[in-house]
Amino acid sequence: MELKELYQEIILDHAKNPRNKGKCENYNHDAKAHNPLCGDKVHIYINLDNNKNIKGLSFEGEGCAISLASASILTDILKGKDLSFTKKIIEDFLNMLKTKSKITLNSLSEDQVTTINSLSGVQEFPMRIKCATMAWHTLLSAIENKNT
Ligand code: ZN
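Residues numbered from 1 in each chain as written. Predicted model: local features only at pLDDT ≥ 70, side-chain atom pairs only at ≥ 80, totals over all residues. Heavy atoms only, no water.

Student: Please give an account of empty space enclosed by the protein that cites residues and values.
Tutor: Taken as a whole, this structure holds one cavity of 30 Å³ or more when the rule is applied. Its boundaries defined by the atoms lining it, the largest cavity holds a volume of some 40 Å³. Looking at the largest cavity, the residues that line it are Lys41, Val42, Phe59, Gly61, Glu62, Ser67, Leu68, Ala71, Cys131, Met134 and Ala135. Broken down by secondary-structure element, the contributors of at least two residues to the lining of the largest cavity are strand 2 (40–48), strand 3 (54–62), helix 2 (65–78) and helix 5 (126–144). Each residue belonging to the lining of the largest cavity can be placed in one class, and the counts come to seven nonpolar, two polar and two charged. (1 Å grid on protein atoms, 1.4 Å probe; cavity = no way out; pocket = protein on both sides within 12 Å on 5 of 7 lines; lining within 4 Å. Points joined across faces, edges and corners; volume = space filled by probe spheres on them. Helix = DSSP H or I, 4+ residues; strand = E, 2+ residues; numbered from the N terminus. Nonpolar A, V, L, I, M, F, W, Y, C, P; charged D, E, K, R; others polar.)

Next comes the structure, spelled out in structure tokens:
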């Protein structure tokens, strides 16, 4: 199978069967965003514990396949990770789309790297980049946005 096809399959799988959809238990941080260009909406929920580990991570959203897949992939990969690791991955992901590179993190499994890289296809479609990055920017806002 060609890499392009594999990437497409991963995106469709996540868009059709989103992981971690809904509000996670005991969430204490959240943030939402809206992409008027495409009509995508996302709301990210985090349960951040006292040791700065992301115990719970989930999302609610609607919109195009790219935006749903992106949110699903994000929660799948970052749930259970600590904050500094999470911020590093977000930075690398946003950088990947900006510089048209690929992620090569050795702190992720090969499967996880392939999954994140599946979103690199939008590099060729500037209009779709926001669809792919919105959930990641929203996760950063949610980390800052303590819900008491
Ligand atoms: Zn979109």
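Student: Lay out the pairing of strand 3 in plain terms, naming residues and giving numbers.
Tutor: As judged from the eight bridges shared by strand 2 and strand 3, these two strands associate in the antiparallel manner. Following the sheet pairing, Ile46 is matched in strand 3 by Leu57. (Pairing = 2+ DSSP bridges.)

Student: Requested: an account of the nonpolar core, with residues and values cited.
Tutor: Grouped together as the largest cluster of nonpolar side chains are 42 residues, with contacts concentrated most on Ile44, Ile46, Leu78, Phe93, Ile116, Trp136 and Leu139. Non-local contacts of Trp136, meaning those with residues more than four positions away in its chain, are made with Ser70, Leu74, Leu78, Ile89, Ile90, Phe93, Leu94 and Ile116. (Core = buried A, V, L, I, M, F, W, Y, C linked by side-chain atoms within 4.5 Å. Buried < 20%, exposed > 50% of the residue type's maximum accessible area, 1.4 Å probe, protein only. Contact = heavy atoms within 4.5 Å.)

Student: So what's going on with the packing of aromatic side chains? Which residues, and what values?
Tutor: A ring pair, where both rings are aromatic, is described by two values, the distance of the centres and the angle of the planes. Applying the stated criterion to the full structure yields two aromatic pairs. For the pair Phe93 and Trp136, a centre-to-centre distance of 3.9 Å together with 15° between the ring planes defines the contact as stacked. One end of the pair, Phe93, is in helix 3 (residues 83–99); the other, Trp136, is in helix 5, with 43 residues separating them in the sequence. The exposure classification of Phe93 matches that of Trp136, with both residues buried. (Phe/Tyr/Trp six-rings, centres within 6.5 Å; stacked < 30°, edge-to-face > 60°.)

Student: So what's going on with unusual backbone geometry? Which residues, and what values?
Tutor: Look at Asn20: it is not a glycine, yet its phi comes out positive at around 55°. Its place among the elements puts Asn20 in the loop between helix 1 (3–16) and strand 1 (29–35). Here Lys52, not a glycine, exhibits a phi torsion of approximately 60°, which is positive. Looking at the element boundaries, Lys52 is found in the loop between strand 2 and strand 3.

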